[in-house]
Amino acid sequence: AQTVTQSQPEMSVQEAETVTLSCTYDTSENNYYLFWYKQPPSRQMILVIRQEAYKQQNATENRFSVNFQKAAKSFSLKISDSQLGDTAMYFCAFFTGTASKLTFGTGTRLQVTL
Amino acid sequence: DTAVSQTPKYLVTQMGNDKSIKCEQNLGHDTMYWYKQDSKKFLKIMFSYNNKELIINETVPNRFSPKSPDKAHLNLHINSLELGDSAVYFCASSPGGSSYNEQFFGPGTRLTVL
């Protein structure tokens, strides 16, 4: 069974600073996908970034980038130039074609302060 | 136009009642899902349907019965509601297939059982 672990229940960062959210996972599969979802207070689930396991290059979407370490089964999210609108719960998630479902971590609550 | 819609957004009801949550997607996707987010924000898949056929049924009590009248709709009926059913229920859809396609989430339905 796949598991996803987010060891930081809460984090805080000042506006314009950089913050890194941690995620580790466990799987015996070789082909899979990893994601970071954002859930603001509106509770809408928003896809932030995705990474295919077969790609060595780390994914980047504007201010969001990941550090994907396949051997270590680590998938951290870096948010640069943090903005107040980044305040949200962030969920790491994992998908394989075998299971055909998203498995989520427990989430990290990020607060961006002035 | 809303891609994935759910009704109602809020539902307050008494223990023992039967209630339904409706989900519709206008994206032409083949696969639809129901997720439950508990009070600690943990998200877990409940069901998955592909072209109206049940694909995933994660150890969910029999009181929960999904129904897919067509591939654009996936409704969730809950019998004999219990206090522990209080949660936010998310519907999602994706194009389907064995490789990953992004899942689009609805706005969620907050169910409160009194």
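None of the values given here were measured: they were computed from a predicted structure.

S.K.: Quick question: what am I supposed to make of the overall build of chain A here?
M.R.: Looking only at helices and strands, chain A features zero helices and twelve strands. The order of α-helices and β-strands along chain A, N terminus first, is β-β-β-β-β-β-β-β-β-β-β-β. What you see for chain A is a C-alpha radius of gyration of 14 Å, in line with the 13 Å of a compact globule of 114 residues. Dimensions of chain A, computed from the C-alpha atoms along their principal axes, are close to 45 × 25 × 20 Å. Within chain A, the proportion of its 114 residues that are buried is 51%. Here the contacts in chain A between residues at least 6 apart in sequence split such that 55% fall between residues at least 24 apart. As displayed, chain A offers around 5,500 Å² of accessible surface, 45% of which is attributable to carbon and sulfur atoms.

S.K.: Even after reading the chapter, I still don't get the side chain of Ser93(B), so can you show me in this structure?
M.R.: Residue and element names in this part refer to chain B. Among the structural elements, Ser93 can be located in strand β9 (residues 87-94). For Ser93, a relative accessible area of 0% corresponds to the buried category. Looking at Ser93, its side chain comes within polar contact range of the side chain of His29, at 2.8 Å. If near-sequence neighbours (up to four positions away) are discounted, Ser93 is found in contact with Val4, Gln25, Leu27, His29, Thr31, Met32, Tyr33, Glu102, Gln103 and Phe104.

S.K.: I tried to follow the nonpolar core on my own but got confused; where do I start?
M.R.: Soluble, globular proteins show a tendency: their nonpolar side chains are buried together. With 25 residues, the main nonpolar core has Tyr25(A), Trp36(A), Phe75(A), Leu77(A) and Tyr90(A) as its most contacted residues. When contributions to this core are tallied by element, the ones reaching two or more residues are β3 (19-21), β5 (33-39), β6 (46-52), β8 (64-69), β9 (74-79), β10 (88-96) and β12 (108-113) of chain A. If you tally residues by element for this core, the top one is β10(A), at four residues. Apart from residues lying up to four places away in sequence, Tyr25(A) is in contact with Thr3(A), Val4(A), Tyr32(A), Leu34(A), Phe68(A), Gln69(A), Lys70(A), Lys73(A), Ser74(A), Phe75(A) and Phe94(A). If you look at the next biggest cluster of nonpolar residues, it comprises 20 residues, including Cys23(B), Tyr49(B), Leu111(B) and Val113(B).

S.K.: What am I meant to see in the pattern of salt bridges here?
M.R.: Where side chains of opposite charge bring their charged atoms close, a pairing between them can arise. Under the defined criterion, the tally for this structure stands at nine salt bridges over all chains. For Arg63(A), the salt bridge is made with Asp86(A), and the minimal N-O distance between the two is 2.8 Å. Here Arg63(A) is found in the loop between β7 (60-61) and β8, whereas its partner Asp86(A) is found in the loop between β9 and β10, with 23 residues between them in sequence. Put simply, Lys71(B) and Asp30(B) hold a salt bridge, and the shortest N to O gap is 2.7 Å. Linking Lys71(B) in the loop between β7 (64-70) and β8 (73-78) with Asp30(B) in the loop between β3 (19-25) and β4 (31-37), this pair joins segments that are 41 residues apart in sequence. By sharing partners, the salt bridges in this structure join Arg50(A), Glu52(A) and Lys55(A) into a single network.

S.K.: Help me understand the interface of chain A and chain B in this model?
M.R.: It is common to give the size of an interface as the accessible area that goes away when the parts come together. Counting residues at the interface gives 21 residues for chain A, matched by 24 residues for chain B. Across the chain A to chain B interface the summed buried area is about 1,900 Å²; carbon plus sulfur atoms make up 56%. Three residues stand out in chain A for area buried against chain B, namely Arg43(A), Lys101(A) and Phe104(A), and they jointly supply 32% of the buried area on that side. Connecting chain A to chain B are six residue pairs in polar contact (both at pLDDT 80 or more). Looking at the side of chain A that touches chain B, the elements that each hand over two or more residues are β5, β6, β10 and β11 (101-104) of chain A. Residues that form the side of chain A that touches chain B fall into these classes: eleven nonpolar, six polar and four charged.

S.K.: Can you help me understand the sheet that holds β7(B) in this one?
M.R.: Strand pairing in a sheet relies on backbone hydrogen bonds. The paired strands run either parallel or antiparallel. Residues and elements named next belong to chain B. With respect to topology, four strands assemble into an open sheet ordered β1-β3-β8-β7, the strand pairing being antiparallel. Each edge of the sheet is formed by a strand with only one pairing partner; in this case those strands are β1 (4-7) and β7. The sheet shows a mean angle of 20° between the axes of neighbouring strands, direction not considered. Of the pairings in the sheet, the one linking β3 to β8 comprises four bridges and is antiparallel in character. Among the inter-strand pairings, Glu24 is bridged to a residue of β8, identified as His73.

S.K.: What am I meant to see in the state of the cysteines here?
M.R.: Disulfide: a covalent bond formed between the sulfur atoms of two cysteine residues. Scanning the entire structure with this criterion turns up two disulfides over all chains. Each sulfur of the disulfide joining Cys23(A) and Cys92(A) lies 2.0 Å from the other. Of note, the bridge from Cys23(A) to Cys92(A) carries an S-S torsion of about -70° and is left-handed in sense. Of this pair, Cys23(A) sits in the loop between β3 and β4 (24-26) while Cys92(A) sits in strand β10, placing them 69 residues apart in sequence. Summarising the burial analysis for this pair, Cys23(A) and Cys92(A) share the class buried. Here Cys23(B) engages in a disulfide with Cys91(B); their sulfurs sit 1.8 Å apart. Classification of the bridge connecting Cys23(B) and Cys91(B) rests on its S-S torsion, roughly -75°, and on that basis the disulfide is left-handed. Within this pair, whereas Cys23(B) is found in strand β3, its partner Cys91(B) is found in strand β9, the two being separated by 68 residues in sequence.

The rules we used
Residues numbered from 1 in each chain as written. Chains lettered and ligands numbered in written order. Predicted model: local features only at pLDDT ≥ 70, side-chain atom pairs only at ≥ 80, totals over all residues. Heavy atoms only, no water. Helix = DSSP H or I, 4+ residues; strand = E, 2+ residues; numbered from the N terminus. Rg over C-alpha atoms; globule rule 2.2 N^0.38 Å. Buried < 20%, exposed > 50% of the residue type's maximum accessible area, 1.4 Å probe, protein only. Contact = heavy atoms within 4.5 Å. Areas by Shrake-Rupley, 256 points an atom, 1.4 Å probe, with all protein chains shown as cover. Polar contact = N/O pair within 3.5 Å; in protein donor to acceptor, adjacent residues only side chain to side chain. Core = buried A, V, L, I, M, F, W, Y, C linked by side-chain atoms within 4.5 Å. Salt bridge = Lys/Arg side-chain N within 4 Å of Asp/Glu carboxyl O. Buried area = accessible area lost by both parts, 1.4 Å probe. Nonpolar A, V, L, I, M, F, W, Y, C, P; charged D, E, K, R; others polar. Pairing = 2+ DSSP bridges. Axes fitted to C-alpha atoms, helices over the stretch in contact; angles between N-to-C directions. Disulfide = S-S within 2.5 Å.

By themselves, these observations are geometric and do not establish any function.
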